[in-house]
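Examination of the molecular architecture
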Amino acid sequence: MFILPRPSLLFALLAMSAATAFTSPAPFIIPLWPHGAPGAIACPTYHQSVIYRDNDPARPRITQVTTPSLEAFLPDPSTATGAAVVICPGGGYVVLAYDLEGTVPARWFASHGVAAFVLKYRLPSDKIMRDKRIGPLQDVEEAIRTVRRRAAEWHVNPSRVGVMGFSAGGNVAATASTLYRENVYTPE
């Protein structure tokens, strides 16, 4: 026979476990270019929009990015490894598959002790970029630099910052990995 503890004891146990349990901080957004992206062209008719795959709000696809950013998913400090990864979602350089190729793997990495940062990068467009070949490269390079600059704040080892991507985002990540010495903008 199972005997329930007194309600006051049960309440005390629940309160203690809630007080000592730590959950990872909520994801937060970091603007990538607070003073404007290099080589940007103002286009008042070009606006970021979100499309929902299968009309499901949990499955966003982002298009026409004009303000690049990072969404940070930090691990529980008790499991943090000091490693970090910048994740570049794919989408054929037309959209960003922000959930399946961004926030879903970011949550997985964070649950395994790796700080993850989802990059919302500019998609190549002559309407908003002087040189659409380097816009995404500028964004991923600045994303990596941002994580390294703020490494102490996020408990990351600046020499353990990686980059990965899916499909077109994989091309962005590979370009950052192979052309990192190219001078595509002047860092602040």
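Every chain is numbered on its own, with residues counted from 1 as its sequence reads. Reporting in this predicted model follows two pLDDT cut-offs: at least 70 for local features of residues, and 80 or more for side-chain atom pairs to be given and counted; totals over whole chains, interfaces and linings ignore these cut-offs and use all residues. Each side-chain value is worked out from all heavy atoms of the structure, with water and hydrogens disregarded.

Moving on to the sheet that holds strand E6 (residues 96-97). One open sheet holds the 3 strands; their spatial order is E2-E3-E6, and the pairing between them is antiparallel. Because the sheet does not close on itself, it has two edges, and the strands there are strand E2 (49-52) and E6. Two strands pair under a simple rule: DSSP has to find at least two bridges between them. Runs of E in the DSSP output that reach at least two residues are strands. Runs of H or I that reach at least four are helices, and both are numbered from the N terminus. When E2 meets strand E3 (residues 60-63), the two strands line up antiparallel, connected through 4 bridges. Residue pairing in the sheet places Ile 51 in a bridge with Arg 61 of E3.

Attention now moves to unusual backbone geometry. Residues other than glycine seldom take positive phi values, yet Gln 64 does so here, at roughly 50 degrees. Notably, His 155 is not glycine yet its phi reads approximately 60 degrees, a positive angle. Between buried and exposed lies partly exposed: a residue is buried under 20% and exposed over 50% of the maximum accessible area for its type, with that area taken using a 1.4 Å probe on protein chains only. Exposure remark for His 155: the relative accessible area of 62% places this residue in the exposed category.

We define a salt bridge as a contact between a side-chain nitrogen of Lys or Arg and a carboxyl oxygen of Asp or Glu at a distance within 4 Å. Scanning the model with the defined rule gives 8 salt bridges in all. Note that Glu 141 and Arg 145 form a salt bridge whose closest N and O atoms lie 3.5 Å from each other. Taken together, the residues span about one helical turn, with Glu 141 and Arg 145 both in helix H3 (residues 135-149) at a distance of 4 residues. Judged by relative accessible area, which is 6%, Glu 141 ranks as buried. The salt bridge partner of Arg 150 is Glu 153, with a shortest N-O separation of 2.8 Å. Residue classification places Arg 150 among the partly exposed positions, given a relative accessible area of 30%.

When helix H4 (residues 168-178) is considered as a whole, its buried residues turn out to be Ala 168, Gly 169, Val 172, Ala 173 and Ala 176. Relative to the axis of H4, the buried residues are bounded by an arc of 150 degrees and lie together on one face. Check the buried side of H4 and you find it contacts strand E5 (84-88), H3 and strand E8 (161-165). In this description, one arc is meant: the one made by directions from the helix axis to the C-beta atoms. The contact criterion used throughout is that any non-hydrogen atoms of two residues lie within 4.5 Å.

Residues Asp 99, Gly 102, Thr 103, Pro 105, Ala 106, Phe 109 and Ala 110 constitute the buried set of helix H2 (residues 99-111). Next to the buried residues of H2 lie E3, strand E4 (69-73), E5, E6, strand E7 (115-120) and E8. Immediately downstream of H2, the backbone of Gly 113 shows phi near 85 degrees, a positive value.

Another aspect to go through is the confidence of the model for the protein chain. When the pLDDT values of the protein chain are averaged, the result is 88; 87% of them are 70 or greater. Below pLDDT 50 for its whole length, residues 1-22 participates in 3 contacts with residues either more than four positions away or in separate chains. Residue-level confidence of the predictor is summarised by pLDDT, bounded by 0 at the bottom and 100 at the top.

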